[in-house]
Amino acid sequence: MYDIGIREIEIPDRIVETDHITYLAHSIKHPYKCRNCGKRKYLVPHGGYNKNLQDIKRDGKQVYIQLRINRYRCSSCNKTSSDIDRLTFFKKRSKLTNRLKEEIAYEIISGKTFYEIANVYDIEHDTVKAIMESYAKEHKKCFDYKGTPEILGISDVCIGGHSRLVLADLKKKTPYRY
Ligand SMILES: [Zn+2]
């Protein structure tokens, strides 16, 4: 078993390549009741699928988690539930773990460009942008002190082949300097 510090999964195996590691994992958390009708004891195994997630780097290599998700069918209401209902280390539709997103948001705040970050993590430029936008939304209070724009616009422009973060006061329609 491998331990990468995520308590919700078990990792019996991994594949190490020159530039990345893939951990083959499964959830140790399973639904204990139907997410539709809420009844217990009616869930029967109903196949499953693999979800690929990217996680924080390890030993300088990109890290991916191939996570086996089990599905269950409720024999009372016929709807399906899955392990994913109980997992909290990533958002349901995301391909990145929460801790990777936090690390990326921190890199942006520390001044790295979207372009650099996209390269370092081998992810789409738009993904970096989306992470910053949702981080700014979640931490609205931190950005809300006196003197900051009421509505902060976050974008980037390409200067000399590098992306630069641009902040704008959308209400006053002026660039915002911090
Ligand atoms: Zn049910």
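What counts as what
Residues numbered from 1 in each chain as written. Predicted model: local features only at pLDDT ≥ 70, side-chain atom pairs only at ≥ 80, totals over all residues. Domains from an automatic or database assignment. Contact = placed C-beta atoms within 7 Å. Helix = DSSP H or I, 4+ residues; strand = E, 2+ residues; numbered from the N terminus. Nonpolar A, V, L, I, M, F, W, Y, C, P; charged D, E, K, R; others polar. Pairing = 2+ DSSP bridges. Core = buried A, V, L, I, M, F, W, Y, C linked by C-beta atoms within 7 Å. Buried ≥ 20, exposed ≤ 12 C-beta atoms within 10 Å, placed from the backbone. Axes fitted to C-alpha atoms, helices over the stretch in contact; angles between N-to-C directions. Parallel < 35°, antiparallel > 145°, perpendicular 65-115°, else oblique. Left-handed = near helix turned anticlockwise from the far one by under 90°.

(A) Here's a closer look at the domain arrangement of the protein. For the protein, the domain assignment lists domain 1 (1-95) and domain 2 (97-178). Placing a centre on the C-alpha atoms of domain 1 and another on those of domain 2 gives a separation of 30 Å. With eight residues of domain 1 at the interface, the matching set in domain 2 holds six residues. In terms of residue count, strand S3 (residues 43-58) provides more of the side of domain 1 that touches domain 2 than any other element does, four residues in total. Of the residues that constitute the side of domain 1 that touches domain 2, the class distribution is four nonpolar, two polar and two charged.

(B) The sheet that holds strand S7 (residues 162-169), seen in detail. Strand order in the open sheet formed by three strands is S6-S7-S8, with antiparallel pairing between adjacent strands. On the outer flanks of this sheet lie strand S6 (152-159) and strand S8 (174-175), each paired with one strand and no other.

(C) Examining the nonpolar core more closely. Membership of the largest hydrophobic core comes to 17 residues, with the highest contact counts inside it found for Ala25, Leu53, Ile65, Leu67, Ile104, Ile117 and Val128. If you list the elements that add at least two residues to this core, you get strand S2 (20-27), strand S4 (61-74), helix H1 (98-109), helix H2 (114-121) and helix H3 (125-138). Taken domain by domain, this core gets at least three of its residues from each of domain 1 (1-95) and domain 2 (97-178). What Ile65 contacts, discounting residues up to four positions off in sequence, is Tyr23, Ala25, Leu53 and Asp55.

(D) Local environment of the packing of H2 against H3. Remark: H2 packs on H3, axes separated minimally by 8 Å, with the N-to-C direction vectors making an angle of 115 degrees. With respect to each other, H2 and H3 are oriented roughly perpendicular. In terms of crossing hand, the pair formed by H2 and H3 is right-handed. Where H2 abuts H3, its residues Phe114, Tyr115, Ile117 and Ala118 lie against His125, Val128 and Lys129. Taken together, the residues that form the contact of H2 with H3 break down as five nonpolar, one polar and one charged.

(E) Geometry of the environment of Lys33. With respect to the element layout, Lys33 can be found in the loop between S2 and S3. Those residues in contact with Lys33 that lie beyond four places of it in its chain are Gly38, Lys39 and Arg40.

(F) Examining the packing of H1 against H3 more closely. Packing of H1 against H3 leaves a shortest axis separation of 9 Å and a crossing angle of 90 degrees. When the axis of H1 is compared with that of H3, the two are roughly perpendicular. Contact residues: H1 offers Lys101, Ile104, Ala105 and Ile108, while H3 offers Val128, Ile131, Met132 and Tyr135. Residues belonging to the contact of H1 with H3 are distributed by class as follows: seven nonpolar, no polar and one charged.

(G) Structural detail: the pairing of S7. Here S6 runs beside S7; their pairing, made up of eight bridges, is antiparallel. Bridging across to S7, Cys158 finds its partner in Ser163. Between S6 and S7, which pair antiparallel one after the other, the connecting turn spans two residues, and Gly160 there sits at a positive phi close to 55 degrees. Alignment of S7 against S8, held across two bridges, turns out to be antiparallel. The residue of S8 that forms the bridge with Asp169 is Thr174.

(H) Looking closely at unusual backbone geometry. Of note in the backbone geometry, Lys41 takes a positive phi value of approximately 70 degrees without being a glycine. Considering the arrangement of structural elements, one finds Lys41 in the loop between S2 and S3. Judged by C-beta crowding, with 10 C-beta atoms within 10 Å, Lys41 ranks as exposed. Phi is positive for Asn78, close to 75 degrees, though the residue is something other than glycine. Tracing the chain through its elements places Asn78 in the loop between S4 and strand S5 (80-82).

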